[in-house]
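Analysis of the macromolecular model
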Amino acid sequence: MCKQHSPPEDVVKQRPTPAEARIKRHMKQAERRNQVATRNAAKAAHRNERHTIASHLRNMGVDEATATGMTATLRKRATGGVKGFAKKNGSRRACVRYTRNQILGLLAGYKPRKAEFKTARQNLLALAA
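Residues numbered from 1 in each chain as written. Predicted model: local features only at pLDDT ≥ 70, side-chain atom pairs only at ≥ 80, totals over all residues. Heavy atoms only, no water.

1. Focus on helix H5 (residues 115-128)
So the rule is basically this: The helix and strand labels rest on DSSP assignments: H or I over at least four residues marks a helix, E over at least two residues marks a strand, and numbering proceeds from the N terminus. Expected helix span is given by 1.5 Å per residue-to-residue step, counting one fewer step than there are residues. Per-residue accessibility, obtained with a 1.4 Å probe over protein chains only, is compared with the maximum for each type, and a residue is labelled buried under 20%, exposed over 50%, and partly exposed between these values. Comment: arc refers to directions from the helix axis out to C-beta atoms. Whether two residues touch is decided by their heavy atoms; if any such pair falls within 4.5 Å, the residues are in contact.
When the terminal C-alpha atoms of H5 are compared, their 20 Å separation across 14 residues agrees well with the 20 Å that a helix rising 1.5 Å per residue should span. Among the residues of H5, Phe117, Ala120, Arg121 and Leu124 are the ones counted as buried. Seen end-on, H5 carries its buried residues on one side only, within an arc spanning 100°. Turned more than 90 degrees away from the buried face of H5, the exposed residues are Ala115, Gln122, Asn123 and Ala126. Considering only its buried residues, H5 is in contact with helix H2 (53-59), helix H3 (64-77) and helix H4 (100-108).

2. Section: H4
By the burial criterion, the buried members of H4 are Ile103, Leu104, Leu106 and Leu107. End-on view of H4: buried residues confined to an arc of 155°, all on one side of the axis. Looking at the buried residues of H4, the elements they touch are H2, H3 and H5.

3. Remarks on the pattern of salt bridges
We apply this condition: Definition used for salt bridges: Asp or Glu carboxyl oxygen within 4 Å of a side-chain nitrogen of Lys or Arg.
With the rule as written, the count across this model stands at one salt bridge. Glu64 is the partner of Arg58 in a salt bridge, and the nearest nitrogen-oxygen pair spans 3.0 Å. By relative accessible area, Arg58 is classed as partly exposed at 37%.

What follows is the structure, encoded as structure tokens:
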């Protein structure tokens with residue numbers, strides 16, 4: 001390089017020593033691990049209060065077949081959920097998650113025809129009261 005285009009001698013960067021590079025790399029990795037752990041904890045806390053309609057019904061004591069049947073109708077009326085993903089058999093599928101209060105609001109406006117759905121609705125609303 002000619003003298004005109006070369007940087008002044010006091011500005012020339014020194015490459016870090018192998019020890020310095022290793023320390024810097026480990027510090028970046030630790031910082032990244034902390035960021036990921038913080039983000040995962042926030043996601044888990046958010047997820048803990050929000051579930052799909054069927055999982056809310058199952059957690060409240062409704063059997064699987066009834067929960068599945070009621071979910072189909074409740075899903076048509078549901079608004080305001082948070083879009084997310086659920087894992088089923090190792091693959092992700094789109095779902096919408098709701099809070100327990102949103103589910104109870106849906107149940108209050110739900111008028112089922114089937115006898116087993118009616119009793120399940122009454123039991124759930126009595127449980128919430």
